[in-house]
Amino acid sequence: MMTVQRYYRPELDVLRFIAFLCVFFVHRMDLAPFDPVKQYWLYNINLVGNFGVPVFFLLSAFLITELLTREQEQTGRVHPKAFYIRRILRIWPLYFLVFFGWVLLTPFFFPAFALPPLAWGSFSLFAGNIYISTHGWLPAYPLNPLWSISVEEQFYILIPLLAAYGGRRGLKMAAYLFLALAYIFLIYYGLHPTKEFNSAWTNSFVQFQFFAVGILLSLYFKGWMPQWSLITRFLLIVATLGCWLLASIACGIHADAPHLSNVPQTVIGWMLILLGSLLLFLSLLGMPERYLPKPMIYLGRISYGLYVFHISFYWLIYKTFATELTTLSQSLGLEEWRNTLGFVIAFIATVLLSMLSYHFFEKPFLRLKKRFTFVPSRD
């Protein structure tokens, strides 16, 4: 009887949490921004937090490619149907709970958030990023981060089929095709700069470059793990920040923000985002578990909940209960730190709700997922 080997890298959970923190910091600026003149570096360092989303994509592609290729090696083939069931059990319950929770609440509590049928239909079919690319951001602000789940689900449709019918060669060819398509689209965006919403950020073909690199890393590494010193890993993190700041400040790539970048700026800027994401990934890959803080591993485990819940708390704290936040700040003598207090409250509330969601709502589905798992991983 063949022994099935578990594949779990706790450092990838730490990376998930770091990627979430990047997003958490930048979304605070939507509602409680820093002054870009008086707080120049604070503003710009927070702004590149947008690039935490591509890190999620790269990490996800690496891990899934690793699991599918190991499934092929250990069982003799890839099972696309089982893969789809695992993804459905992991993604759909929380996604639809949050999405339709807001949709059902809006007529009673947030009428300004009402969505047109095309919007909720698009998000229900995991085409939310396509809707945003063509219509702009949703009036229901807390739902906007769900665009990235749509991009991931589109990738998840393709990858098991590529692995099952194309093998390693097919995966490599597809990855290089994804990279080529991404930069064809980016050249188009560079040729058509806009003073309005820039849809490059929510374009599936543009974002697929990060999945492509994740695939290639898994295939070329073949299980190899870097054994670098802590100093080397720290320098890689510093290099990540440098790449992202250059992409943002020098090349004008600000996620969805209107920008007038030309073709060289657009292409180089996105290459820097890609390089930074790669360096951040490599800075943690292979790190011995004794150096990984257990709370960060745990928070990485619940990062899906952290991601989908955090912006709702931002909205409630900075908009719905803005008066109460001001009163609380004054009573604590923190008038000048009002926005920071809101940030801390939002983080604590997000963590608490995500913990409850993970243990009491998500885990029953994760237990079902094990029935369709051939290479055990984290859950």
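What comes next concerns the included structure. (Residues numbered from 1 in each chain as written. Predicted model: local features only at pLDDT ≥ 70, side-chain atom pairs only at ≥ 80, totals over all residues. Heavy atoms only, no water.)

**A look at the overall build of the chain**
Let me state the cut-off plainly: Only DSSP runs of H or I reaching four residues or more are called helices, and only runs of E reaching two or more are called strands; each is numbered from the N terminus. Radius of gyration: over C-alpha atoms. The globule rule applied is 2.2 Å multiplied by the number of residues raised to the 0.38 power. Classification of residues uses two cut-offs on accessible area relative to the type maximum, computed with a 1.4 Å probe and protein chains only: under 20% is buried, over 50% is exposed, and between them is partly exposed. Contacts between residues were defined by any pair of non-hydrogen atoms, one from each residue, lying within 4.5 Å. Accessible surface area values rest on a Shrake-Rupley calculation with a 1.4 Å probe, where residue burial reflects the displayed protein chains alone. Counted as positive: Lys and Arg. Counted as negative: Asp and Glu. His and the chain ends are not counted at all. For this purpose, a charge sits on NZ of Lys, CZ of Arg, CG of Asp or CD of Glu.
Of regular secondary structure, the chain possesses 14 helices and zero strands. In terms of overall dimensions, the chain is globule-like: its C-alpha atoms have a radius of gyration of 21 Å, near the 21 Å expected for 379 residues. Overall, the C-alpha framework of the chain stretches about 65 × 50 × 50 Å when taken along its three principal axes. Counting all 379 residues of the chain, 55% fall into the buried class. Across the chain, contacts joining residues at least 24 apart in sequence account for 80% of those joining residues at least 6 apart. As presented, the chain carries roughly 17,300 Å² of accessible surface, and 70% of it is formed by carbon and sulfur atoms. Averaging the positions of the 28 positive and the 17 negative side-chain charges in the chain gives two centres separated by 11 Å.

**Quick word on the environment of W337**
When you line up the elements, W337 lands in the loop between α13 (322-331) and α14 (338-369). Considering only alpha carbons, one finds W337 and R70, 267 residues apart in sequence, at a separation of 50 Å.

**Topic: the packing of aromatic side chains**
Definition in use: Geometry of aromatic contacts follows a simple scheme: Phe, Tyr and Trp rings, the Trp one being its six-membered ring, pair when their centres are within 6.5 Å, and the pair is stacked under 30 degrees between planes, edge-to-face over 60, tilted otherwise.
Under the defined criterion, the tally for this structure stands at 44 aromatic pairs. Ring plane angle 90 degrees and centroid distance 5.1 Å describe the contact between Y95 and F96, whose orientation is recorded as edge-to-face. On the basis of relative accessible area, Y95 is assigned to the buried category, the value being 0%. Ring geometry for F178 against F208: centres 5.1 Å apart, planes inclined by 75 degrees, an arrangement best described as edge-to-face. Linking F178 in helix α7 (residues 147-191) with F208 in helix α8 (residues 204-221), this pair joins segments that are 30 residues apart in sequence.

**Here's the deal with the pattern of salt bridges**
Worth spelling out the cut-off: Whenever a carboxyl oxygen of Asp or Glu lies within 4 Å of a side-chain nitrogen of Lys or Arg, that contact is scored as a salt bridge.
With the rule as written, the count across this model stands at six salt bridges. Across the pair R16 and D13 runs a salt bridge, and its minimum N-O distance is 2.9 Å. Of the two residues, R16 and D13 are both situated in helix α1 (residues 10-31); the distance of three residues between them amounts to about one turn of the helix. The two residues R16 and D13 agree in class, both being buried. Taking the shortest distance from any N to any O, the salt bridge between E73 and R168 comes out at 3.3 Å. You can see E73 sitting in helix α3 (residues 52-75) and its partner R168 sitting in helix α7, a full 95 residues away along the chain. For E73, a relative accessible area of 53% puts it in the exposed group. Owing to a relative accessible area of 32%, R168 belongs among the partly exposed residues under this scheme.

**Structural notes on the side chain of R86**
Using the following cut-off: Two N or O atoms count as a polar contact when they lie within 3.5 Å, although within protein this holds only if one can serve as hydrogen donor and the other as acceptor, and sequence-adjacent residues are included solely when both atoms are side-chain atoms.
With respect to the element layout, R86 can be found in helix α4 (residues 80-109). A distance of 2.7 Å separates the side chain of R86 from the backbone oxygen of F372, its partner in a polar contact. Non-local contacts of R86, meaning those with residues more than four positions away in its chain, are made with L68, E71, K369, F372, T373 and F374.

**Observations concerning helix α5 (residues 117-124)**
Those residues of α5 lying buried are A119, S122, F123 and S124. Buried residues along α5 sit against α4, α6 (128-135) and α7. A positive backbone phi angle near 55 degrees is found at F126, which sits one or two residues after α5.

**Thoughts on the environment of P139**
Locating P139 in the fold gives a position in the loop between α6 and α7. C-alpha separation for the pair P139 and P111, spaced 28 residues apart in sequence, amounts to 9.9 Å. Setting aside residues up to four positions removed in sequence, P139 forms contacts with A112, F113, A114 and L115.

**Some remarks on the environment of H359**
Within the secondary structure, H359 is located in helix α14. Its relative accessible area of 34% is what places H359 among the partly exposed residues. H359 sits 185 residues away from A174 along the chain, and the two C-alpha atoms are 37 Å apart.

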